[in-house]
Amino acid sequence: MGSCVSKGKGDDDSNHNIEFCGGNVHLITTKESWDDKLAEAGRDGKIVVANFSATWCGPCKIVAPFYIELSEKHPSLMFLLVDVDELSDFSSSWDIKATPTFFFLKNGEQIGKLVGANKPELQKKITSIIDSVPASPQQL
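Residues numbered from 1 in each chain as written. Predicted model: local features only at pLDDT ≥ 70, side-chain atom pairs only at ≥ 80, totals over all residues. Heavy atoms only, no water.

Under an unreviewed UniProt entry, the protein chain has the name Thioredoxin domain-containing protein and belongs to Arabis nemorensis.

### Looking at the nonpolar core
Grouped together as the largest cluster of nonpolar side chains are 41 residues, with contacts concentrated most on Trp34, Phe52 and Leu122. Listed by contribution, the elements that provide at least two residues to this core are strand 1 (25–28), helix 1 (31–44), strand 2 (47–53), helix 2 (58–73), strand 3 (77–83), strand 4 (101–106) and helix 4 (119–132). At seven residues, helix 2 tops the list of elements feeding residues into this core. Beyond its immediate chain neighbours, meaning those up to four positions away, Phe52 contacts Trp34, Val82, Val84, Phe90, Ser91, Trp94, Ile96, Thr99, Pro100, Thr101 and Phe103. (Core = buried A, V, L, I, M, F, W, Y, C linked by side-chain atoms within 4.5 Å. Buried < 20%, exposed > 50% of the residue type's maximum accessible area, 1.4 Å probe, protein only. Helix = DSSP H or I, 4+ residues; strand = E, 2+ residues; numbered from the N terminus. Contact = heavy atoms within 4.5 Å.)

### Brief notes about the environment of Gln110
Note on placement: Gln110 falls in strand 5 (residues 109–115). Measuring from C-alpha to C-alpha, the distance between Gln110 and Val48 comes to 9.3 Å, with 62 residues separating the pair along the chain. When sequence neighbours within four positions are dropped, the list of residues in contact with Gln110 reads Trp94, Phe103, Phe104 and Leu105.

### As for the packing of helix 2 against helix 4
Where helix 2 meets helix 4, the closest approach of the two axes is 11 Å, and the angle between their N-to-C directions is 25°. Comparing the axis directions of helix 2 and helix 4 gives the class roughly parallel. As helix 2 runs across helix 4, the sense of the crossing is right-handed. Taking contact as the criterion, the partners of Ile62, Val63, Phe66, Tyr67 and Leu70 in helix 2 are, on helix 4, Lys119, Leu122, Gln123 and Ile126. In terms of residue class, the contact of helix 2 with helix 4 is made up of seven nonpolar, one polar and one charged. (Axes fitted to C-alpha atoms, helices over the stretch in contact; angles between N-to-C directions. Parallel < 35°, antiparallel > 145°, perpendicular 65-115°, else oblique. Left-handed = near helix turned anticlockwise from the far one by under 90°. Nonpolar A, V, L, I, M, F, W, Y, C, P; charged D, E, K, R; others polar.)

### Some details on the packing of aromatic side chains
Applying the stated criterion across every chain, the model contains ten aromatic pairs. Ring geometry for Phe90 against Trp94: centres 6.5 Å apart, planes inclined by 65°, an arrangement best described as edge-to-face. Residues Phe90 and Trp94 agree in their burial class; the two are buried. Taken together, the ring pairs connect Trp34, Phe52, Phe90, Trp94 and Phe103 into an aromatic cluster. (Phe/Tyr/Trp six-rings, centres within 6.5 Å; stacked < 30°, edge-to-face > 60°.)

Given below as structure tokens:
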């Protein structure tokens, strides 16, 4: 489905993630905030869904409201948003070739990946991850 390739640094239209964040989506602005959220997810026994996105990317804008909606429906997961332009070196370390790219992490380890703004596939991945994780005492 839809995805965007990386755009040059000079093309910043910084209407900064306004339409990308909301619900239970946490905006990651530094490597430290990423580490903090992963540590928090580990302590809470949560799976992390990380959306590597860009403000200029059309498919990213289309899937963003759905991502926010998923974050509200699934509080047992932690939803993160990384702007690939804001954290370009960090994003490169995750080998992002197109946006949006979604990573699914458990205890900091990748357990799944989805490239592109494919809403049905994103829903399917989240459902299968939730179904594969035994309920923690916090979720009962």
